[in-house]
Amino acid sequence: MFCIERIEKDRDEEALLEMAELEKETFPDSWSRKSLEETLRNPQAVMFGAWKEEVLAGYVIFYYAADEGEIARIAVRDAFRRKGAARRLLLRLEELCKELGVSRLLLDVRESNGPAIAFYVGYGFKKDGIRKKFYVNPVEDAILMSYKVV
Ligand SMILES: CC(C)(COP(=O)(O)OP(=O)(O)OC[C@H]1O[C@@H](n2cnc3c(N)ncnc32)[C@H](O)[C@@H]1OP(=O)(O)O)[C@@H](O)C(=O)NCCC(=O)NCCS
């Protein structure tokens, strides 16, 4: 079982380092520790981490404005995948959305990212459309998805 907690600026230096490491392993456009720290200072951004004992297994980064929110990042370490960490992170995020009055979650995902698409569809996200050549390095279309928080 994972422990889901909000990542806080003043106490989670170690978490930021672990996130930056996982970013590097996972995404071609990885965010550095510095950009993660800047994101944490943004009052419209929230990060949750999933810990297994002392290890950060995964995290989600979320931005919101008025009644809409965007999942900017979600990642789980290889060794901890398919154990429910990402699902637990989204459940916690949904609770926060309800507290904040956010009624719609949006995201974009590379069309070749089968595991993430299966995860989002399984969670209840709907496909809204495609944004052509949205990503670079490599160039690829994005699938746009949304989820209604009820
Ligand atoms: C997508 C990702 C975050 C899922 O994390 P996870 O912790 O393994 O997901 P969960 O264990 O919570 O999965 C919940 C359900 O989603 C679906 N799912 C998750 N990964 C899947 C996969 N690889 N293939 C098919 N279905 C999958 C399953 O229905 C799963 O339930 P089950 O294991 O009981 O069958 C993880 O694969 C990851 O970090 N990928 C790399 C980063 C990434 O692509 N992020 C998204 C960018 S938009």
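The structure presented is a predicted model; accordingly, all values stated were derived computationally and were not measured.

Caption draft 1: The arrangement of the sheet that holds strand β3 (residues 55–65) in detail. With mixed pairing, 7 strands are arranged side by side in an open sheet as β1-β2-β3-β4-β5-β7-β6. The sheet terminates laterally at β1 (3–6) and β6 (126–135), the two strands that pair on one side only. When the angles between neighbouring strand axes are averaged without regard to direction, this sheet yields 25°. Against the sheet, helix α2 (residues 33–41) touches β2 (45–52) and β3, its axis set at about 120° to β2.

Caption draft 2: The arrangement of the nonpolar core in detail. Among the nonpolar cores identified, the biggest contains 33 residues, and Phe62, Ile71, Leu93, Leu105 and Phe125 are the most heavily contacted of them. Listing elements by their share of this core, those giving two or more residues are β2, β3, β4 (68–76), α3 (85–100), β5 (104–110), α4 (114–123) and β7 (140–148). Here the element with the most residues in this core is α3; it accounts for 7 residues. Contact partners of Phe125, with chain neighbours within four places excluded, come to Ile71, Leu90, Leu105, Leu107, Tyr120, Met145, Ser146 and Tyr147. Ala20, Met47, Leu56 and Tyr59 belong to the second-largest nonpolar core, a separate cluster that totals 15 residues.

Caption draft 3: Quick peek at the pairing of β7. By the criterion of burial, β7 is predominantly enclosed, with 7 of the 9 residues buried. With 7 bridges joining them, β5 and β7 adopt antiparallel strand pairing. When the bridges of β7 are listed, Leu106 appears paired with Ser146. In this sheet, β7 lies alongside β6 in antiparallel orientation, the contact comprising 6 bridges. Paired with Tyr135 across the two strands is Glu140, which belongs to β7. The hairpin formed by β6 and β7 contains 4 residues between the paired strands, and Asn137 there has a positive phi angle of roughly 55°.

Caption draft 4: The arrangement of the side chain of Asp141 in detail. Here Asp141 lies in strand β7. According to the relative accessible area criterion, Asp141 is buried, its value standing at 13%. At a separation of 3.2 Å, a polar atom in the side chain of Asp141 contacts the side chain of Lys132. Leave out the neighbours within four places in its chain, and Asp141 touches Val109, Arg110, Glu111, Ile130, Arg131, Lys132, Lys133, Phe134 and Tyr135.

Caption draft 5: Just the packing of aromatic side chains, in detail. Enumeration according to the criterion identifies 9 aromatic pairs in this entry. Relative to Tyr120, the ring of Phe119 lies with its centre 5.5 Å away and its plane at 55°, an arrangement referred to as tilted. Through pairs of rings, three or more aromatic residues link up here, namely Phe119, Tyr120, Tyr123, Phe125 and Tyr147. Between the NZ or CZ atom of Lys52 and the centre of the ring of Phe2, over which it lies, the distance is 5.8 Å. Over the ring of Phe27 we find Arg73, and its NZ or CZ is 4.0 Å from the ring centre.

Cut-offs applied
Residues numbered from 1 in each chain as written. Predicted model: local features only at pLDDT ≥ 70, side-chain atom pairs only at ≥ 80, totals over all residues. Heavy atoms only, no water. Pairing = 2+ DSSP bridges. Helix = DSSP H or I, 4+ residues; strand = E, 2+ residues; numbered from the N terminus. Axes fitted to C-alpha atoms, helices over the stretch in contact; angles between N-to-C directions. Contact = heavy atoms within 4.5 Å. Core = buried A, V, L, I, M, F, W, Y, C linked by side-chain atoms within 4.5 Å. Buried < 20%, exposed > 50% of the residue type's maximum accessible area, 1.4 Å probe, protein only. Polar contact = N/O pair within 3.5 Å; in protein donor to acceptor, adjacent residues only side chain to side chain. Phe/Tyr/Trp six-rings, centres within 6.5 Å; stacked < 30°, edge-to-face > 60°. Lys NZ or Arg CZ within 6 Å of the ring centre and 35° of its normal.

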